[in-house]
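Structural overview
The lines below spell out each chain.
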Amino acid sequence: MISHFDVPAALVIGAGASREVVPQLRRIGARRALLVTDAFMESSGRAGGVVRELEQAGIAVALFAGVQPDPTDGNVRDGLLAFAGGKCDAVVALGGGSSIDAAKAIAMMTANDQPLSQYQGSHKVPRAGAPLLVIPTTAGTGSEVTKVAVITDTARNVKMMMLDRNLLPQVALIDYELSLSMPPSLTAHVGVDTLTHGVEAYVSRKASALTDTLALECVRLVAENLEAAWSEPSNRAAREGMMLAATLGGMAFSNSSVALVHGMSRPIGAVFHVPHGLSNAVLLPTVTRFSLSGAPGRYATVARAMRLCGPDASAEAAGALLVEGLERLNARLKVPRLRECHGIERAGFDAAVGKMAADALASGSPQNNPVVPGAEDIIRLYGEAW
Ligand SMILES: [Fe+2]
(Lines give C-alpha, C1' and ligand atoms only; values in the text may rest on other atoms or scores of the structure.)
Protein backbone atom coordinates (compact mmCIF):
# COMPACT_ATOMS: atom_id res chain seq x y z
CA MET A 1 0.00 0.00 0.00
CA ILE A 2 1.29 3.49 -0.86
CA SER A 3 1.09 6.11 1.86
CA HIS A 4 1.56 9.83 1.39
CA PHE A 5 3.35 11.82 4.05
CA ASP A 6 3.09 15.61 3.97
CA VAL A 7 4.45 18.06 6.54
CA PRO A 8 5.41 21.76 6.40
CA ALA A 9 8.64 22.48 4.52
CA ALA A 10 10.22 24.02 7.63
CA LEU A 11 9.65 23.37 11.34
CA VAL A 12 11.50 25.57 13.85
CA ILE A 13 11.07 24.04 17.31
CA GLY A 14 12.15 25.15 20.77
CA ALA A 15 12.21 28.03 23.26
CA GLY A 16 12.36 31.30 21.33
CA ALA A 17 11.41 29.75 17.95
CA SER A 18 8.70 32.39 17.47
CA ARG A 19 11.40 35.06 17.24
CA GLU A 20 12.39 33.64 13.84
CA VAL A 21 9.36 35.15 12.16
CA VAL A 22 11.32 37.82 10.25
CA PRO A 23 14.12 35.62 8.83
CA GLN A 24 11.62 32.92 7.87
CA LEU A 25 9.33 35.41 6.09
CA ARG A 26 12.33 36.86 4.28
CA ARG A 27 13.37 33.37 3.24
CA ILE A 28 10.01 32.80 1.54
CA GLY A 29 10.18 36.25 -0.07
CA ALA A 30 7.26 37.87 1.78
CA ARG A 31 7.04 41.67 1.65
CA ARG A 32 3.47 42.33 2.83
CA ALA A 33 1.95 39.91 5.33
CA LEU A 34 -1.60 39.43 6.55
CA LEU A 35 -1.51 38.61 10.29
CA VAL A 36 -4.50 36.39 11.17
CA THR A 37 -5.36 36.17 14.84
CA ASP A 38 -8.13 36.62 17.43
CA ALA A 39 -9.35 39.37 19.72
CA PHE A 40 -7.52 37.96 22.77
CA MET A 41 -4.16 37.95 21.00
CA GLU A 42 -4.86 41.54 19.95
CA SER A 43 -5.94 42.78 23.41
CA SER A 44 -3.11 40.95 25.19
CA GLY A 45 -0.59 42.81 23.03
CA ARG A 46 0.96 39.69 21.54
CA ALA A 47 -0.32 40.42 18.01
CA GLY A 48 0.99 43.99 18.31
CA GLY A 49 4.41 42.63 19.17
CA VAL A 50 4.52 40.60 15.95
CA VAL A 51 3.27 43.60 13.93
CA ARG A 52 6.05 45.80 15.34
CA GLU A 53 8.70 43.17 14.70
CA LEU A 54 7.66 42.81 11.05
CA GLU A 55 7.31 46.55 10.41
CA GLN A 56 10.72 47.27 11.93
CA ALA A 57 12.15 44.74 9.48
CA GLY A 58 10.47 46.48 6.54
CA ILE A 59 7.67 43.92 6.06
CA ALA A 60 4.27 45.66 5.76
CA VAL A 61 1.44 44.15 7.84
CA ALA A 62 -2.34 44.05 7.50
CA LEU A 63 -3.99 42.84 10.72
CA PHE A 64 -7.10 40.64 10.77
CA ALA A 65 -7.96 39.89 14.41
CA GLY A 66 -11.54 38.75 13.82
CA VAL A 67 -11.20 34.95 14.07
CA GLN A 68 -13.95 33.42 16.26
CA PRO A 69 -13.44 30.37 18.53
CA ASP A 70 -15.24 28.20 15.91
CA PRO A 71 -13.98 29.95 12.77
CA THR A 72 -16.66 30.50 10.15
CA ASP A 73 -16.91 30.99 6.40
CA GLY A 74 -17.62 34.65 7.25
CA ASN A 75 -14.26 34.93 9.07
CA VAL A 76 -12.54 33.53 5.98
CA ARG A 77 -14.34 36.06 3.74
CA ASP A 78 -13.33 38.97 6.01
CA GLY A 79 -9.74 37.74 6.14
CA LEU A 80 -9.60 37.51 2.35
CA LEU A 81 -10.83 41.11 2.06
CA ALA A 82 -8.06 42.19 4.46
CA PHE A 83 -5.51 40.22 2.39
CA ALA A 84 -6.64 41.95 -0.82
CA GLY A 85 -6.91 45.37 0.85
CA GLY A 86 -3.34 45.10 2.14
CA LYS A 87 -2.05 43.79 -1.23
CA CYS A 88 -0.46 41.00 0.81
CA ASP A 89 1.75 38.22 -0.53
CA ALA A 90 1.91 35.97 2.57
CA VAL A 91 -0.19 34.98 5.59
CA VAL A 92 0.98 34.69 9.20
CA ALA A 93 -1.23 32.94 11.79
CA LEU A 94 -0.83 33.60 15.53
CA GLY A 95 -2.99 31.70 18.01
CA GLY A 96 -4.64 28.35 18.64
CA GLY A 97 -6.24 25.96 16.17
CA SER A 98 -9.02 28.40 15.27
CA SER A 99 -6.69 31.15 14.07
CA ILE A 100 -4.44 28.67 12.27
CA ASP A 101 -7.37 26.92 10.55
CA ALA A 102 -8.86 30.25 9.47
CA ALA A 103 -5.47 31.36 8.12
CA LYS A 104 -5.12 28.11 6.15
CA ALA A 105 -8.49 28.68 4.51
CA ILE A 106 -7.73 32.37 3.82
CA ALA A 107 -4.34 31.56 2.28
CA MET A 108 -5.86 28.75 0.19
CA MET A 109 -8.73 30.95 -1.05
CA THR A 110 -6.27 33.52 -2.45
CA ALA A 111 -5.65 31.06 -5.31
CA ASN A 112 -8.94 29.11 -5.55
CA ASP A 113 -12.13 30.83 -6.63
CA GLN A 114 -14.97 28.40 -5.91
CA PRO A 115 -17.17 28.88 -2.80
CA LEU A 116 -15.39 27.54 0.31
CA SER A 117 -17.85 24.65 0.72
CA GLN A 118 -16.61 23.20 -2.60
CA TYR A 119 -13.36 22.28 -0.87
CA GLN A 120 -14.96 20.27 1.94
CA GLY A 121 -13.66 16.70 2.13
CA SER A 122 -10.35 15.18 1.11
CA HIS A 123 -8.07 16.28 -1.74
CA LYS A 124 -10.43 18.86 -3.23
CA VAL A 125 -8.13 21.91 -3.37
CA PRO A 126 -6.61 22.36 -6.86
CA ARG A 127 -4.01 25.08 -6.13
CA ALA A 128 -1.69 26.11 -3.30
CA GLY A 129 -2.44 29.61 -2.03
CA ALA A 130 -0.28 32.35 -0.56
CA PRO A 131 2.61 31.05 1.60
CA LEU A 132 1.58 30.56 5.22
CA LEU A 133 3.73 30.85 8.36
CA VAL A 134 2.09 29.72 11.61
CA ILE A 135 2.90 30.42 15.26
CA PRO A 136 0.82 28.22 17.61
CA THR A 137 0.15 29.57 21.12
CA THR A 138 -1.51 26.44 22.50
CA ALA A 139 -0.42 22.80 22.74
CA GLY A 140 -2.34 21.82 20.97
CA THR A 141 -4.50 21.08 18.13
CA GLY A 142 -1.44 20.28 16.06
CA SER A 143 -2.94 22.43 13.30
CA GLU A 144 0.46 24.03 12.70
CA VAL A 145 1.71 20.85 11.04
CA THR A 146 -1.48 19.46 9.47
CA LYS A 147 -3.07 19.64 6.02
CA VAL A 148 -6.48 19.89 7.71
CA ALA A 149 -8.69 22.92 8.38
CA VAL A 150 -12.11 22.93 10.01
CA ILE A 151 -14.37 25.88 9.16
CA THR A 152 -18.05 26.25 10.09
CA ASP A 153 -20.45 26.60 7.16
CA THR A 154 -22.94 28.98 8.80
CA ALA A 155 -25.71 28.32 6.26
CA ARG A 156 -25.77 24.57 7.03
CA ASN A 157 -24.47 24.78 10.65
CA VAL A 158 -21.85 22.17 9.79
CA LYS A 159 -18.17 22.12 10.67
CA MET A 160 -16.55 21.48 7.30
CA MET A 161 -13.42 19.35 7.43
CA MET A 162 -11.05 20.05 4.57
CA LEU A 163 -7.95 17.93 4.03
CA ASP A 164 -5.49 18.70 1.28
CA ARG A 165 -1.75 19.20 1.05
CA ASN A 166 -2.49 22.63 -0.44
CA LEU A 167 -3.63 23.65 3.05
CA LEU A 168 -0.24 22.94 4.64
CA PRO A 169 1.69 25.84 6.18
CA GLN A 170 5.13 26.38 4.65
CA VAL A 171 6.70 27.25 8.00
CA ALA A 172 5.73 26.45 11.60
CA LEU A 173 7.47 28.24 14.50
CA ILE A 174 6.80 25.93 17.45
CA ASP A 175 7.72 27.79 20.63
CA TYR A 176 6.57 26.18 23.87
CA GLU A 177 7.27 29.43 25.75
CA LEU A 178 4.07 30.84 24.18
CA SER A 179 2.09 28.03 25.87
CA LEU A 180 3.32 28.88 29.39
CA SER A 181 0.42 31.31 29.88
CA MET A 182 -2.34 28.82 28.97
CA PRO A 183 -4.89 28.50 31.82
CA PRO A 184 -5.31 25.01 33.37
CA SER A 185 -8.69 24.25 31.77
CA LEU A 186 -7.42 25.03 28.25
CA THR A 187 -4.25 23.05 28.99
CA ALA A 188 -6.42 20.07 29.96
CA HIS A 189 -8.79 20.25 27.01
CA VAL A 190 -6.26 20.72 24.23
CA GLY A 191 -3.92 18.29 25.99
CA VAL A 192 -6.53 15.50 25.86
CA ASP A 193 -7.22 16.53 22.24
CA THR A 194 -3.52 15.93 21.56
CA LEU A 195 -3.79 12.52 23.21
CA THR A 196 -6.82 11.81 21.01
CA HIS A 197 -4.76 12.63 17.91
CA GLY A 198 -2.13 10.10 18.94
CA VAL A 199 -4.66 7.38 19.79
CA GLU A 200 -6.87 7.90 16.72
CA ALA A 201 -3.92 8.14 14.29
CA TYR A 202 -2.59 4.87 15.71
CA VAL A 203 -5.84 2.85 15.63
CA SER A 204 -7.06 4.38 12.33
CA ARG A 205 -7.56 2.16 9.31
CA LYS A 206 -5.27 4.62 7.48
CA ALA A 207 -2.31 4.21 9.86
CA SER A 208 1.12 3.57 8.34
CA ALA A 209 4.59 2.76 9.66
CA LEU A 210 5.59 6.45 9.65
CA THR A 211 2.47 7.65 11.44
CA ASP A 212 2.64 4.81 14.01
CA THR A 213 6.02 5.99 15.29
CA LEU A 214 4.83 9.58 15.67
CA ALA A 215 1.49 8.60 17.19
CA LEU A 216 2.95 6.37 19.91
CA GLU A 217 5.56 8.96 20.91
CA CYS A 218 2.77 11.55 21.08
CA VAL A 219 0.80 9.29 23.42
CA ARG A 220 3.84 8.60 25.60
CA LEU A 221 4.69 12.30 25.91
CA VAL A 222 1.12 13.23 26.90
CA ALA A 223 1.08 10.52 29.59
CA GLU A 224 4.38 11.86 30.92
CA ASN A 225 3.69 15.60 30.79
CA LEU A 226 0.01 16.59 30.70
CA GLU A 227 -0.80 16.41 34.41
CA ALA A 228 2.36 18.36 35.30
CA ALA A 229 1.62 21.03 32.66
CA TRP A 230 -1.92 21.30 34.08
CA SER A 231 -1.01 21.49 37.77
CA GLU A 232 2.19 23.56 37.37
CA PRO A 233 1.60 25.97 34.47
CA SER A 234 5.18 27.30 34.57
CA ASN A 235 6.76 23.82 34.40
CA ARG A 236 8.90 24.38 31.31
CA ALA A 237 9.85 20.74 30.76
CA ALA A 238 6.19 19.68 30.86
CA ARG A 239 5.16 22.50 28.49
CA GLU A 240 7.95 21.56 26.11
CA GLY A 241 6.87 17.91 26.23
CA MET A 242 3.25 18.81 25.49
CA MET A 243 4.22 21.12 22.60
CA LEU A 244 6.30 18.32 21.09
CA ALA A 245 3.42 15.85 21.65
CA ALA A 246 1.06 18.22 19.81
CA THR A 247 3.48 18.49 16.88
CA LEU A 248 3.98 14.72 16.62
CA GLY A 249 0.27 14.01 17.06
CA GLY A 250 -0.57 16.56 14.34
CA MET A 251 1.87 15.02 11.88
CA ALA A 252 0.49 11.57 12.74
CA PHE A 253 -3.23 12.24 12.27
CA SER A 254 -2.72 14.52 9.26
CA ASN A 255 -1.10 11.60 7.42
CA SER A 256 -3.16 8.79 8.96
CA SER A 257 -6.54 10.16 10.04
CA VAL A 258 -8.68 10.92 13.01
CA ALA A 259 -11.61 8.62 13.66
CA LEU A 260 -14.85 8.37 15.62
CA VAL A 261 -13.97 10.74 18.50
CA HIS A 262 -13.35 13.63 16.11
CA GLY A 263 -16.25 12.57 13.91
CA MET A 264 -18.65 12.84 16.88
CA SER A 265 -17.01 15.93 18.38
CA ARG A 266 -17.32 18.30 15.37
CA PRO A 267 -21.17 18.25 15.42
CA ILE A 268 -21.14 19.03 19.18
CA GLY A 269 -19.02 22.06 18.32
CA ALA A 270 -21.18 23.09 15.36
CA VAL A 271 -24.49 22.87 17.25
CA PHE A 272 -23.57 23.78 20.85
CA HIS A 273 -20.29 25.70 20.36
CA VAL A 274 -18.38 23.46 22.75
CA PRO A 275 -14.67 24.10 21.99
CA HIS A 276 -12.89 21.44 19.93
CA GLY A 277 -10.51 20.21 22.62
CA LEU A 278 -13.22 19.93 25.26
CA SER A 279 -15.68 18.04 23.05
CA ASN A 280 -12.96 15.53 22.11
CA ALA A 281 -11.85 15.11 25.72
CA VAL A 282 -15.43 14.44 26.83
CA LEU A 283 -15.86 11.68 24.22
CA LEU A 284 -12.48 9.91 24.34
CA PRO A 285 -13.15 7.31 27.10
CA THR A 286 -16.64 6.41 25.83
CA VAL A 287 -15.57 6.02 22.21
CA THR A 288 -12.46 4.06 23.19
CA ARG A 289 -14.58 1.54 25.13
CA PHE A 290 -16.82 1.10 22.06
CA SER A 291 -13.86 0.68 19.68
CA LEU A 292 -11.61 -1.72 21.65
CA SER A 293 -12.86 -4.89 20.00
CA GLY A 294 -11.88 -3.64 16.52
CA ALA A 295 -8.17 -3.33 17.30
CA PRO A 296 -7.41 -4.97 20.67
CA GLY A 297 -3.69 -5.30 19.98
CA ARG A 298 -3.32 -1.66 18.93
CA TYR A 299 -5.23 -0.35 21.96
CA ALA A 300 -3.06 -2.56 24.20
CA THR A 301 0.04 -0.94 22.68
CA VAL A 302 -1.45 2.48 23.49
CA ALA A 303 -2.03 1.35 27.10
CA ARG A 304 1.59 0.22 27.34
CA ALA A 305 2.88 3.50 25.84
CA MET A 306 0.92 5.32 28.56
CA ARG A 307 2.35 2.94 31.20
CA LEU A 308 -1.16 1.91 32.22
CA CYS A 309 -0.18 -1.76 32.23
CA GLY A 310 2.91 -3.94 32.19
CA PRO A 311 4.37 -5.54 29.06
CA ASP A 312 2.81 -8.91 29.90
CA ALA A 313 -0.83 -7.82 30.29
CA SER A 314 -3.23 -9.49 27.87
CA ALA A 315 -4.79 -7.31 25.17
CA GLU A 316 -8.15 -7.59 26.92
CA ALA A 317 -6.77 -6.53 30.31
CA ALA A 318 -4.73 -3.72 28.71
CA GLY A 319 -7.81 -2.41 26.89
CA ALA A 320 -9.84 -2.30 30.09
CA LEU A 321 -6.99 -0.53 31.89
CA LEU A 322 -6.76 1.99 29.01
CA VAL A 323 -10.44 2.97 29.32
CA GLU A 324 -10.07 3.22 33.11
CA GLY A 325 -6.91 5.30 32.69
CA LEU A 326 -8.60 7.71 30.25
CA GLU A 327 -11.55 8.14 32.64
CA ARG A 328 -9.18 8.76 35.55
CA LEU A 329 -7.19 11.31 33.51
CA ASN A 330 -10.38 13.24 32.64
CA ALA A 331 -11.46 13.20 36.30
CA ARG A 332 -8.07 14.46 37.53
CA LEU A 333 -8.01 17.24 34.92
CA LYS A 334 -11.62 18.18 35.83
CA VAL A 335 -12.88 17.52 32.28
CA PRO A 336 -16.68 17.76 32.67
CA ARG A 337 -19.30 15.30 31.46
CA LEU A 338 -21.15 16.31 28.31
CA ARG A 339 -24.20 17.37 30.41
CA GLU A 340 -21.98 19.79 32.37
CA CYS A 341 -20.60 21.59 29.30
CA HIS A 342 -21.66 25.23 29.04
CA GLY A 343 -24.66 25.80 26.79
CA ILE A 344 -26.00 22.23 26.53
CA GLU A 345 -29.32 21.21 28.05
CA ARG A 346 -31.01 17.84 27.64
CA ALA A 347 -34.01 18.84 25.52
CA GLY A 348 -31.90 20.65 22.94
CA PHE A 349 -29.42 17.80 22.93
CA ASP A 350 -32.10 15.17 22.35
CA ALA A 351 -33.57 17.27 19.54
CA ALA A 352 -30.18 17.63 17.82
CA VAL A 353 -28.72 14.17 18.29
CA GLY A 354 -30.14 12.71 15.05
CA LYS A 355 -28.64 15.50 12.90
CA MET A 356 -25.38 15.24 14.87
CA ALA A 357 -25.09 11.50 14.15
CA ALA A 358 -25.82 12.07 10.45
CA ASP A 359 -23.25 14.89 10.24
CA ALA A 360 -20.68 12.75 12.08
CA LEU A 361 -21.10 9.94 9.52
CA ALA A 362 -21.06 12.39 6.59
CA SER A 363 -17.65 13.73 7.69
CA GLY A 364 -16.04 10.39 6.84
CA SER A 365 -14.04 10.17 10.08
CA PRO A 366 -16.11 7.38 11.73
CA GLN A 367 -15.36 5.15 8.73
CA ASN A 368 -11.66 5.13 9.75
CA ASN A 369 -12.52 3.82 13.24
CA PRO A 370 -11.53 0.25 14.24
CA VAL A 371 -15.26 -0.47 14.77
CA VAL A 372 -17.31 1.39 12.14
CA PRO A 373 -20.54 2.59 13.78
CA GLY A 374 -24.01 3.10 12.36
CA ALA A 375 -26.16 6.12 13.18
CA GLU A 376 -27.86 4.20 16.04
CA ASP A 377 -24.46 3.40 17.60
CA ILE A 378 -23.45 7.06 17.45
CA ILE A 379 -26.71 8.20 19.05
CA ARG A 380 -26.19 5.65 21.83
CA LEU A 381 -22.59 6.78 22.36
CA TYR A 382 -23.67 10.44 22.62
CA GLY A 383 -26.09 9.25 25.31
CA GLU A 384 -23.34 7.34 27.17
CA ALA A 385 -21.10 10.43 27.16
CA TRP A 386 -23.96 12.58 28.47
FE1 LIG B 1 -8.37 17.47 17.44
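Quick note: structure is the one above.
Residues numbered from 1 in each chain as written. Predicted model: local features only at pLDDT ≥ 70, side-chain atom pairs only at ≥ 80, totals over all residues. Heavy atoms only, no water.

1. Things to note about the sheet that holds strand E3 (residues 60–64)
Put simply, the rule reads: Pairing between two strands is assigned when DSSP locates at least 2 bridges connecting them. Each helix corresponds to a stretch of at least 4 residues labelled H or I by DSSP, and each strand to a stretch of at least 2 residues labelled E; elements are numbered beginning at the N terminus. What counts as an axis is a line fitted to C-alpha atoms, over the stretch in contact for a helix, and the angles between N-to-C directions run from 0 to 180 degrees. The criterion used for residue contact is that any of the two residues' heavy atoms lie within 4.5 Å.
A sheet is described by the order of its strands in space; here six strands give the open sequence E1-E9-E6-E4-E2-E3, paired in parallel fashion. A strand with exactly one partner marks an edge of an open sheet, and here the two such strands are strand E1 (10–13) and E3. In this sheet, adjacent strand axes meet at a mean angle of 15° when their direction is disregarded. Here E1 pairs with strand E9 (residues 171–174) via four bridges, running parallel. Its bridge partner lying in E9, Ala10 is registered against Val171. On top of the sheet, helix H5 (residues 97–109) reaches strand E2 (32–36), E3, strand E4 (90–95) and strand E6 (132–136); it is set at about 165° to E4, its chief contact.

2. Some thoughts on a nonpolar patch on the surface
Inclusion rule: Nonpolar side chains (Val, Leu, Ile, Met, Phe, Trp, Tyr) are joined into patches within 5 Å and like charges within 9 Å, using only residues with over 30% relative accessible area and no salt bridge. Areas reported as accessible are Shrake-Rupley estimates using a 1.4 Å probe. Residue values count occlusion only from the protein chains shown. Counted as salt bridges are all cases of a side-chain nitrogen of Lys or Arg within 4 Å of a carboxyl oxygen of Asp or Glu.
There is a patch of nonpolar side chains on the surface, built from Leu11, Ile13 and Leu244 and spanning about 230 Å² of accessible area. Within the fold, Ile13 resides in strand E1.

3. A short note on the nonpolar core
To be explicit about the condition: For this analysis, a nonpolar core means a set of buried residues of the types Ala, Val, Leu, Ile, Met, Phe, Trp, Tyr and Cys, connected via side-chain atoms within 4.5 Å. With a 1.4 Å probe rolled over the protein chains alone, any residue whose accessible area is under 20% of its type maximum counts as buried; one over 50% counts as exposed, and the rest are partly exposed.
Val36, Leu116, Leu195, Leu338, Ile344, Phe349 and Tyr382 are the most contacted members of the largest nonpolar core, which totals 106 residues. Not counting the four nearest positions on each side in its chain, Leu338 is found in contact with Ile268, Val282, Ile344, Phe349, Tyr382, Ala385 and Trp386. Among the nonpolar cores identified, the runner-up in size contains 25 residues, and Val21, Val22, Ala30 and Val171 belong to it.

4. Comments concerning the packing of helix H9 (residues 260–272) against helix H13 (residues 346–362)
For any two helices packed against each other, one specifies the inter-axial angle together with the distance between the axes. Under the convention used in this document: In what follows, roughly perpendicular refers to angles from 65 to 115 degrees, roughly parallel to angles under 35, roughly antiparallel to angles over 145, and oblique to any angle outside these ranges. For any helix crossing, the convention is left-handed if the near helix is rotated counterclockwise from the far helix by under a right angle, and right-handed if that rotation is clockwise. All residues other than Ala, Val, Leu, Ile, Met, Phe, Trp, Tyr, Cys, Pro, Asp, Glu, Lys and Arg, Gly among them, are scored as polar; the first ten of these are nonpolar and the last four charged.
In contact at an axis separation of 9 Å, H9 and H13 are set at 130° when each is read in the N-to-C sense. Between H9 and H13, the angle falls in the class oblique. Once H9 is placed against H13, the crossing between them reads as right-handed. Residues Gly263, Met264, Pro267, Ile268, Val271 and Phe272 of H9 form the contact with H13, whose own contacting residues are Gly348, Phe349, Ala352, Met356, Asp359 and Ala360. Residue classes in the contact of H9 with H13 are distributed as nine nonpolar, two polar and one charged.

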